[in-house]
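Here is how the chains run, residue by residue.
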Amino acid sequence: MSTDSNKPAHTLNRRDLLTVGAGLAVAASVGGMRKAAAGAAAHVLPPLPYADNALAPVLSANTLGFHYGKHHAGYVAKLNELVAGTEFADSTLEDIVKATAGKADKAPIFNNAAQIWNHTFYWHSLRPNGGGEPPAALKQKIDEAFGSVDKLKADLLAAATGQFGSGWAWLVKDGDTLAVMKTPNAELPLTSGKTPLLTIDVWEHAYYLDYQNLRADYVNAVLAKLINWEFAAKNLGV
Ligand code: MN3
């Protein structure tokens, strides 16, 4: 984990980079600098990569309004509250996630930090007019690992609907191959050494306003119309 206290001020902006996958970084340097100077919040809510109505009708503006504006924002506010004055006060989000994973006494900090990371990654895993065919280089990797894109989608659906209660379904890079996994609550593949490529939020707040209890309908609609294969290709580096 980072210990930034002895570093010169001009490096402060690096530690508040919320790195999401390869090549995507959301800077919160202004907040970080303010914190160093005046105790302001270190972690900021990254902007949605599209308007809150851009995913409709698959996901309504009402769902995004609550999911992003209340849930995601709430994790940011809570994490800032929990780390203030602690050893994690000046740590990056990823450093906090890795340092607190699996530690029962740090569970509230882990849960809020990991949920910030997961949600930012989720918003980028979706896009308006998504779905369709993955880019050729990604499709080749998918075909090698799963046999077909349809089989990958079936495996993602099975992971999403097989996750009992709240959690996440993921496409990950695991060693030299691709794999599907599910995680409960705030857990994420980073802590088991896998590289996340895509995720689907299967907490009820992600779909209940639009799909009620029909999680499978939500996942199928996301896979057909919103999933951002280009984001996965970028994270895979192909
Ligand atoms: Mn959520």
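The rules behind each value
- Residues numbered from 1 in each chain as written.
- Predicted model: local features only at pLDDT ≥ 70, side-chain atom pairs only at ≥ 80, totals over all residues.
- Heavy atoms only, no water.
- Salt bridge = Lys/Arg side-chain N within 4 Å of Asp/Glu carboxyl O.
- Helix = DSSP H or I, 4+ residues; strand = E, 2+ residues; numbered from the N terminus.
- Buried < 20%, exposed > 50% of the residue type's maximum accessible area, 1.4 Å probe, protein only.
- pLDDT = per-residue confidence, 0-100.
- Contact = heavy atoms within 4.5 Å.
- Donors = N, O, S within 2.8 Å, 3.2 Å for Na, K, Ca; no water.

**A closer look at the pattern of salt bridges**
Under the counting rule described, the total for this entry stands at six salt bridges. Across the pair E94 and K98 runs a salt bridge whose closest N-O atoms are separated by 3.5 Å. With E94 and K98 both in helix α4 (residues 93–100), this residue pair falls four residues apart, about one helical turn. Between D143 and K139 there is a salt bridge, and its shortest N-O distance comes to 3.0 Å. Of this pair, D143 and K139 both sit in helix α6 (residues 136–146), separated by four residues, roughly a single helical turn. Taking the relative accessible area as the measure of exposure, D143 reaches 28% and is therefore partly exposed.

**Some details on unusual backbone geometry**
In this structure, P57 follows A56 across a cis peptide bond, with omega equal to 5 degrees. Note that P57 resides in the loop between α2 (29–38) and α3 (61–83). The phi angle at Q212 is positive, at roughly 50 degrees, despite the residue not being glycine. Counting through the fold element by element, Q212 comes out in the loop between α8 (208–211) and α9 (215–225).

**Quick word on the confidence of the model for the protein**
Looking at the protein as a whole, its pLDDT mean stands at 87, while 83% of the residues score no less than 70. Counted against residues more than four places away or in other chains, residues 1–40, with its pLDDT under 50, gives 61 contacts.

**Regarding the coordination of the manganese ion**
At the metal site, the manganese ion is ligated by H67 (NE2), H119 (NE2), D201 (OD) and H205 (NE2), and these contacts range over 2.0 to 2.1 Å. Sequence spacing of the donor residues for the manganese ion, all on one chain, is H-x51-H-x81-D-x3-H. Of the two residues, H119 sits in helix α5 (residues 107–125) while H205 sits in the loop between β5 (195–201) and α8, which places them 86 residues apart along the sequence. The residues H119 and H205 share a single accessibility class, namely buried.

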